[in-house]
Amino acid sequence: MSEGVGMKNTRIRWAGIGTAGFVTLGVATVVAATTASAQMSVSQSSAYCVGSTYTITLPVADQTALLNRAPSGYHEFIFSDVSSAGGNARTFAVAQMVAGQDLTVQWKPDVAQSTNIYAGAWDSATNTGGGLELLGPINVVQGGPSCPAPPATGTGSASSIPVIGGLLKLLGL
């Protein structure tokens, strides 16, 4: 794969886990199966940075394969990320299938860590899923030459506020 971060795609089983179960799904509890025929991917970047937004693409072939492993009637997909070391998953998107079109969603990592992204067939009416696809690990970094500078969060100066500035001067502050 050309993402340049040593990503692999693996299909994994997800049998009827509801929202709460998916949220607590850890990598250690997942059993790998066969390699994907098409590949879920993340937009190419020289570095994946905390707070930046990336596009995740789930090709039509993968959507079909996930839906074929899910109970009938599923037509949505849930996307979550979780530390490669395990832990709690964070759902960042639920999207509806559009026949014949690749599905794209936005992902904005919030923690610097090695991260896996999961896509699963989903039924919002029953909060259950079937079949998962794994994308990862993706190394998310806090900063560096390829990451945008964090926004300035200076404290400013209260003395520049007209009424308060005068009061602070009177108090000798």
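Bear in mind the structure is a predicted one, so any value in this text is a computation, not a measurement.

About the cut-offs
Residues numbered from 1 in each chain as written. Predicted model: local features only at pLDDT ≥ 70, side-chain atom pairs only at ≥ 80, totals over all residues. Heavy atoms only, no water. Pairing = 2+ DSSP bridges. Helix = DSSP H or I, 4+ residues; strand = E, 2+ residues; numbered from the N terminus. Polar contact = N/O pair within 3.5 Å; in protein donor to acceptor, adjacent residues only side chain to side chain. Contact = heavy atoms within 4.5 Å. Salt bridge = Lys/Arg side-chain N within 4 Å of Asp/Glu carboxyl O. Buried < 20%, exposed > 50% of the residue type's maximum accessible area, 1.4 Å probe, protein only. pLDDT = per-residue confidence, 0-100. Disulfide = S-S within 2.5 Å.

Spatial strand order, β2-β4-β7: 3 strands in an open sheet with antiparallel pairing. In this open sheet, the two edge strands, each paired with only one partner strand, are β2 (41-42) and β7 (103-107).

With respect to the helices and strands, the residue D123 is situated in strand β8 (residues 114-123). A distance of 3.3 Å separates the side chain of D123 from the backbone nitrogen of A125, its partner in a polar contact. Separated by 3.0 Å, the side chains of D123 and T126 make a polar contact. If near-sequence neighbours (up to four positions away) are discounted, D123 is found in contact with Y74, E76 and T128.

A word on the pattern of salt bridges. Side-chain pairing between opposite charges can occur once the charged atoms of the two side chains come close. The full count for this structure, using the stated rule, is 2 salt bridges. Residue R90 pairs with D81 through a salt bridge whose shortest N-O separation is 2.7 Å. With a closest N to O distance of 3.8 Å, D110 and R90 form a salt bridge. Note that D110 is positioned in the loop between β7 and β8 and R90 in strand β6 (residues 90-96), a separation of 20 residues in sequence. With relative accessibility at 47%, the residue D110 sits in the partly exposed group. Classification of R90 as partly exposed rests on a relative accessible area of 27%. Salt bridges sharing common partners tie together D81, R90 and D110.

Moving on, we come to the environment of V42. Inspection of the secondary structure assignment puts V42 in strand β2. Along the chain, V42 and L135 lie 93 residues apart, while their C-alpha atoms are 8.3 Å from each other.

Okay, the environment of C147 next. For C147, the position within the fold is in the loop between β9 (128-141) and α3 (162-170). Exposure remark for C147: the relative accessible area of 12% places this residue in the buried category. Separated by 102 residues in the primary sequence, C147 and S45 have C-alpha atoms spaced 9.9 Å apart. Those residues in contact with C147, other than ones at most four positions away along the chain, are A47, C49 and V141.

It is worth spelling out the confidence of the model for the protein chain at this point. If pLDDT is low for a region, its predicted coordinates should not be looked at in detail. Averaged over the protein chain, the pLDDT score is 75; the fraction of residues at 70 or greater is 64%. Per-element confidence in the protein chain is highest for β7, whose mean pLDDT is 97, and lowest for strand β1 (residues 8-18), whose mean pLDDT is 35. In this model residues 1-37 is a low-confidence stretch, pLDDT under 50, and it forms 110 contacts with partners more than four residues away in sequence or in other chains.

Next up on the list: the state of the cysteines. By the definition in use, this model includes 1 disulfide. Residue C49 pairs covalently with C147 via a disulfide, S to S 2.0 Å. The S-S bond linking C49 to C147 shows a torsion near -85 degrees; that makes this disulfide left-handed. Taken together, the residues C49 in strand β3 (residues 48-49) and C147 in the loop between β9 and α3 connect sequence positions 98 residues apart. Side by side, C49 and C147 carry an identical accessibility label, which is buried.

Time to look at the pairing of strand β4 (residues 54-58). Most of β4 is tucked away: 4 of the 5 residues are buried. Where β2 lies against β4, 2 bridges are found, and the strand directions are antiparallel. Bridge pairing in β4 links V42 to I56. Pairing geometry for β4 and β7, over 5 bridges, is antiparallel. Bridging from a neighbouring strand, T57 pairs with T104 of β7.

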